[in-house]
Amino acid sequence: MESLSDRIEALIALRGLKPGDRVPSERQLAVDLGVSRPTLREAIRQLATRGLLVSRHGGGTFVTAATDSDPMRTALLPLASLARSEAGYWRDVMEIRRLIEGETASFAALRADEADKAMLEVAYQGVLNAPADDLDAQARLDAAFHMAVCTAAHNVVLQQVMAGLLGLLEASISQSLRRLYHLPGILDELNDQHREIRDAVISGDAESARAAASRHLDFVEDRLQRIEEDAQRQRRASRALQHIAQE
């Protein structure tokens, strides 16, 4: 069974808290997680011992930068800037997502407990309510949704890999949203796909969860492919016009 400290870590990821951010108050966390404050304090103490949280007397509890020293995160961190700046890099990220996310959703459907399902619902609502004019926030919340699915899979190794990929995933999703944003109704379609994943996981339907995750990635890849092809076509047309004008 997932420990309280694991649930706190998942909640931090779901809310997109970064190193230096303050976590909710003990009172609020106790309500959100359905535990007593003494039990919560012990879990926070364990996370502080591991270097993930730091408590400041009279100032609250904060996320530390300790996760940045994790070997997986350190190895992948330079790739996030490439995902933001290098054309076509999204294809490499999509291949990795295809290898991981379908099976992850399937495991989540088989293993999610009531706490996982509640956190998945929180993550889904976060995606729905993301500010329309803040693509970076949308990317964080989208990545947090997929991290919630991963957490529900109850596979420690898989969770570590996904945690390491989180920054890269956010960067990739952010770039995708920037390119997809002008397509009519695109966010509604993406949200419907997230809903299908959520519903399948919560209902415990492993095959439907795997299929929903795969359809989501198929959709994103198809739309990005179309955008890339249109851009190439426009560049060819522009060069042809320039050539004609020079003759």
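Fair warning: this is a prediction, and the values are worked out from it, not measured in the lab.

What counts as what
- Residues numbered from 1 in each chain as written.
- Predicted model: local features only at pLDDT ≥ 70, side-chain atom pairs only at ≥ 80, totals over all residues.
- Heavy atoms only, no water.
- Helix = DSSP H or I, 4+ residues; strand = E, 2+ residues; numbered from the N terminus.
- Buried < 20%, exposed > 50% of the residue type's maximum accessible area, 1.4 Å probe, protein only.
- Contact = heavy atoms within 4.5 Å.
- Areas by Shrake-Rupley, 256 points an atom, 1.4 Å probe, with all protein chains shown as cover.
- Axes fitted to C-alpha atoms, helices over the stretch in contact; angles between N-to-C directions.
- Parallel < 35°, antiparallel > 145°, perpendicular 65-115°, else oblique.
- Nonpolar A, V, L, I, M, F, W, Y, C, P; charged D, E, K, R; others polar.
- Phe/Tyr/Trp six-rings, centres within 6.5 Å; stacked < 30°, edge-to-face > 60°.
- Lys NZ or Arg CZ within 6 Å of the ring centre and 35° of its normal.

Trainee: Can you help me understand the overall build of the protein in this one?
Mentor: Counting secondary structure elements, the protein contains ten helices and two strands. Secondary structure elements of the protein, listed N to C terminal, follow the sequence α-α-α-β-β-α-α-α-α-α-α-α. Here the protein holds 247 residues, and the buried ones make up 42% of them. Contacts in the protein between residues far apart in sequence, at least 24 positions, make up 72% of those at least 6 positions apart. Carbon and sulfur atoms provide 54% of the accessible area of the protein, an area that totals close to 13000 Å².

Trainee: Which parts of the structure should I look at to understand the packing of helix α1 (residues 4-14) against helix α6 (residues 114-128)?
Mentor: When two helices pack together, you describe them by how their axes are tilted relative to each other and by the distance separating the axes. With their axes 10 Å apart at the nearest point, α1 and α6 run at an angle of 10° to one another. On the basis of the axis angle, α1 is roughly parallel to α6. Of α6, the residues touching α1 (which contributes R7, A10, L11 and L14) are A115, M119 and A123. Looking at the contact of α1 with α6 residue by residue, the classes come out as six nonpolar, no polar and one charged.

Trainee: Would you mind going over the packing of aromatic side chains with me for this structure?
Mentor: Aromatic rings in a pair are described by how distant their centres are and how their planes are angled relative to each other. Inspection of every chain in the model, using the stated rule, returns zero aromatic pairs. Lying over the aromatic face of F107, R111 brings its terminal NZ or CZ to 4.4 Å of the ring centre.

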